[in-house]
Amino acid sequence: MQIVFFALRNFNRSRARTWITVGAMAFACAIMIFYASLLEGWLAAMEKNAVSMDLGEFQIHAHTFRDDPDLYKRITGEESVLARLEAAGFAATPRLYASGLAAAGNSSSGIELRGMDLVRERLVTSLDQHVWQGQWLAEEDHSGVVLGRRLARILNLTVGDEVVVVAQGADGSTANELFRVRGILKSVGEGVDRTGFFMTAATFRRLMIVPNGVHAIVVKRQQATEDLVQATARLAQLLPGYEVRNWHQLQPVLARLFEMSKISLVIMLLITYAAVGILTLNALLMSVFERIPEFGVMKALGLSPWGLFAMIVVESMLQVTVAVCLALGAGLPLSMYFSRHPLDFSRFVQSSSTIAGIAFDAKWYCAVTANSVLLPILFLYLVAGLAILYPALKAAMLKPLAAIYHR
Amino acid sequence: MNRALSPLSLFWVLLVTATLFLPPDRAVSAPSPDEQEARAILLEIDDLWRATSSQGTVRMQVKTANYTRTMRMEIWSKGKEKSLVRIVSPLKEKDTASLKTGNTMYTYLPKTDRTIRLTSGMMMSSWMGSHFTNDDLVKESRLADDYEPGITFRGKRDGREIIEFTLRPHPDAAVVWGRIVMTVTAQDHLPLFASYYDEDNVLARTILFSEVKTMGGRLLPAVLKVVPTDKPGEYTELVYETLRFDLDLPESLFSLLELRRR
């Protein structure tokens, strides 16, 4: 208790130096809280674009479908598979895929036809919320289709325009039909943007002559707390005859990018706090050296070396705690503000820019999470703790008599 | 999944192969080094691609693991630049027509009453479900331009006098095949087999020629069977039912207006 009292007293002694040190730490910590929140927000947006729009958390295919997609490699008895998935606590939606050609006017482009189950898709992805122009698919609109953004641009199509689709039906015949553009999606990812051509599952089955089976089942955990790898194993056990992949396996580049982003945050923290650490070290060294005679007197009066060490540590931690309070006071509101009002880079970034095939939004939102707030604070304590080791040990090892007469 | 559909590729094969393997009118010149002779044969074949015009009917049977289907179509060509293919049956695809003029290709789809213009990039794509590859389309260029021929066998095989020659692409040629081995009869250079090897020197497919008969005044194989190596039991068979050459076809036949005629 006495040590805390001394520490508190010392905090107020060399005010200018103390507040400069505290200010530097607070500034660095606040900036890092903001940076970490921004990074978390960016990663969350990327993950949302990857997982919530197209990939889903897991995908189930017939074996070899992913390596060599084929209209005939289907999951049969999909209703029972879906029922099993739902019973096991997963949300799941079936999808149908085929390649074909879309043409409008003098333009034509290769497309990936996608047959969607409108009711179930909503439970797994938010594609229906991601429409840029027009509307999402509707069950009663048999000729209405939704296109990826770049595809619409390639074919020079806007909502309401006609588009012809040519493909090879499952019976080998030429499937062709006239559709009307019902909606155009916002940027989702390279694949969907360039070739995504969405229609209802019923329309797909009629056009492609695929009366049953599906090409993929996209799955989402209902409890997001369940570990991704564990859930993948549980799914594989549930559906032994099929290929089960989680989104990390489906998009390994993106998964690695996420890991690297987390590492980059730690590196940024270390770099920023290294400067803070040097400043703290300098301030504490000065405060120890100018108080050597005082420490000698304290030791002569019976304060143990560990007592002196603890006093300097508490003194510094007190400064760090004040700095953390200030950092929270500045960094949190700043991050909270930008979690509602995004940083808008749309003037510098193209509308359909992608990283690892996934679209990223030019508007960056902060995401204030436990990680984004606690990690910078934890690192500040760690770096400051390391910085005071040397001056505190030096003080602890002073010889009382020599210290008293130190000039 | 992004294989763009190009039904025209198949029709091109029909047209190209119809004229590619016509027997030469003139005899091969006096004995000369093998390479020179091979080149001479190839040049003859190349020149024979360009009949002034042709018209015919073709039956095509495609057998895959998932379906077997038969189509009949009528084909017209004029020079090297113009050709028209119109499907006669089955009913579902009747009147679907494809027109090629120069480097531009159009397909007319009667069901939607629309004409689609295919870009050159798409013409290079594979035709979904067929056993023909992109390279079949490229045959607009001369084989002699892209490949260096060399006679690799001459003599008796299976009781027939044959010449086998191997075509290897020039280093800078934009072709998909690593090697093509052609076997022709020694006497009148009628094709028997053509084996296509990919860049890894693995046999990808074989074209078998049979039923040699006189059509349009020329002796030629009436049946072509394409057998892919990696899909056992699958094939595409083309049967030329009728074929006529050097007709006086009007220019208007190869117009967008004619394409839509039913």
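Bear in mind that the values here come from a model prediction, so they are computed numbers and not experimental data.

A. Structural context of the interface of chain A and chain B. Taken together, the contacts link 30 residues of chain A with 21 residues of chain B. Each partner contributes to the roughly 2,400 Å² buried at the junction of chain A and chain B, and carbon and sulfur atoms together form 58% of this total. At the boundary of chain A with chain B, the tally comes to three salt bridges. The class makeup of the residues in the side of chain A that touches chain B is 13 nonpolar, 12 polar and five charged.

B. Seen up close, the packing of helix α2 (residues 15-55) of chain A against helix α10 (residues 252-289) of chain A. Residue and element names in this part refer to chain A. Two numbers describe how α2 lies on α10: the axes approach to 10 Å, and their chain directions differ by 180°. One element, α2, and the other, α10, form an angle in the roughly antiparallel class. Of the residues assigned to the contact of α2 with α10, the class counts are 24 nonpolar, six polar and two charged.

C. Fine view of the nonpolar core. Formed by 51 residues in total, the largest nonpolar core has its most connected members in Ile60(A), Leu85(A), Ile217(A), Val219(A), Tyr273(A) and Leu380(A). Top element by residues in this core is α2(A). It accounts for 16 residues. Setting aside residues no more than four positions away along its own chain, Tyr273(A) makes contact with Ala28(A), Cys29(A), Met32(A), Pro376(A), Phe379(A), Leu380(A) and Val383(A). By size, the runner-up hydrophobic cluster in this structure holds 38 residues, among which are Val58(B), Ile75(B), Leu143(B) and Ile163(B).

D. Fine view of the UniProt feature "domain: MacB-like periplasmic core" (unreviewed entry) in chain A. Taking the UniProt record as the reference, the feature "domain: MacB-like periplasmic core" (unreviewed entry) is found at residues 18-235 of chain A. Structurally, residues 18-235 of chain A is divided into 38% helix and 31% strand, and its ends, taken at the C-alpha atoms, are 57 Å apart.

E. Inspection of the packing of α2(A) against helix α13 (residues 370-396) of chain A at higher detail. Residues and elements named next belong to chain A. Relative orientation of the contacting elements α2 and α13 amounts to 145°, with a least axis distance of 8 Å. Relative to α13, the crossing made by α2 is right-handed. The segment α2 lies against α13, with Met 25, Cys 29, Met 32, Ile 33, Ala 36, Ser 37 and Glu 40 engaging Asn 371, Ser 372, Val 373, Pro 376, Ile 377 and Leu 380. Taken together, the residues of the contact of α2 with α13 break down into nine nonpolar, three polar and one charged.

F. Region of interest: the packing of aromatic side chains. Residues and elements named next belong to chain A. Taken as a whole and assessed by the stated rule, the structure comprises 10 aromatic pairs over all chains. Each ring, one from Phe 58 and one from Phe 90, has its centre 6.1 Å from the other, and the planes form 80°; the classification is edge-to-face. Placement of Phe 58 in strand β1 (residues 58-61) and of Phe 90 in strand β2 (residues 90-104) is noted, with a sequence separation of 32 residues between them. On the basis of relative accessible area, Phe 90 is assigned to the buried category, the value being 0%. Seen from their ring centres, Trp 136 and Phe 198 are 5.9 Å apart, and the 55° between their planes marks the pair as tilted. Taken as a pair, Trp 136 in the loop between β4 (131-134) and β5 (144-147) and Phe 198 in strand β8 (residues 196-200) lie far apart in primary sequence, 62 residues in all. Just as Trp 136 is buried, Phe 198 falls in that class too. Of the aromatic side chains, those joined through ring pairs into one cluster are Phe 34, Tyr 337 and Phe 338.

G. Representation of a nonpolar patch on the surface. Residue and element names in this part refer to chain A. Side chains of Trp 306, Leu 386, Leu 389, Leu 393 and Met 397 sit close together on the surface and give an oily, nonpolar patch of about 580 Å² of accessible area. Sorting elements by how many residues they give to the nonpolar patch places α13 first, with three residues. Structurally, Leu 386 can be placed in helix α13.

H. Quick peek at the side chain of His215(A). Residue and element names in this part refer to chain A. Here His 215 is to be found in the loop between α7 (201-208) and β9 (216-221). Polar contacts involving the side chain of His 215 include one to the main-chain carbonyl oxygen of Leu 71, which spans 2.9 Å. Here the side chain of His 215 touches Tyr 97 through a polar contact of 2.8 Å, landing on its backbone nitrogen. Once residues lying within four places of it in the same chain are set aside, the contact partners of His 215 are Ile 60, His 61, Phe 65, Asp 70, Leu 71, Lys 73, Arg 74, Ile 75, Arg 95, Leu 96, Tyr 97 and Phe 204.

I. Here's a closer look at the side chain of Lys299(A). All names here are of chain A. Mapped onto the elements of the fold, Lys 299 is located in helix α11 (residues 292-300). Within the buried set, Lys 299 has no salt-bridge partner at all; the shortest N-O distance to an opposite charge, 13 Å, is to Glu 294. Every residue in contact with Lys 299, bar those within four places of it in the chain, is listed here: Pro 305, Leu 308, Ala 395, Ala 396, Met 397, Leu 398 and Pro 400.

Reading guide: rules and limits
Residues numbered from 1 in each chain as written. Chains lettered and ligands numbered in written order. Predicted model: local features only at pLDDT ≥ 70, side-chain atom pairs only at ≥ 80, totals over all residues. Heavy atoms only, no water. Contact = heavy atoms within 4.5 Å. Buried area = accessible area lost by both parts, 1.4 Å probe. Salt bridge = Lys/Arg side-chain N within 4 Å of Asp/Glu carboxyl O. Nonpolar A, V, L, I, M, F, W, Y, C, P; charged D, E, K, R; others polar. Axes fitted to C-alpha atoms, helices over the stretch in contact; angles between N-to-C directions. Helix = DSSP H or I, 4+ residues; strand = E, 2+ residues; numbered from the N terminus. Parallel < 35°, antiparallel > 145°, perpendicular 65-115°, else oblique. Core = buried A, V, L, I, M, F, W, Y, C linked by side-chain atoms within 4.5 Å. Buried < 20%, exposed > 50% of the residue type's maximum accessible area, 1.4 Å probe, protein only. UniProt positions renumbered as here; feature names shortened; annotations may be inferred. Left-handed = near helix turned anticlockwise from the far one by under 90°. Phe/Tyr/Trp six-rings, centres within 6.5 Å; stacked < 30°, edge-to-face > 60°. Patch = residues over 30% accessible without salt bridge, like charges linked within 9 Å, V, L, I, M, F, W, Y side chains within 5 Å. Areas by Shrake-Rupley, 256 points an atom, 1.4 Å probe, with all protein chains shown as cover. Polar contact = N/O pair within 3.5 Å; in protein donor to acceptor, adjacent residues only side chain to side chain. Lys, Arg positive; Asp, Glu negative; His and termini not counted.

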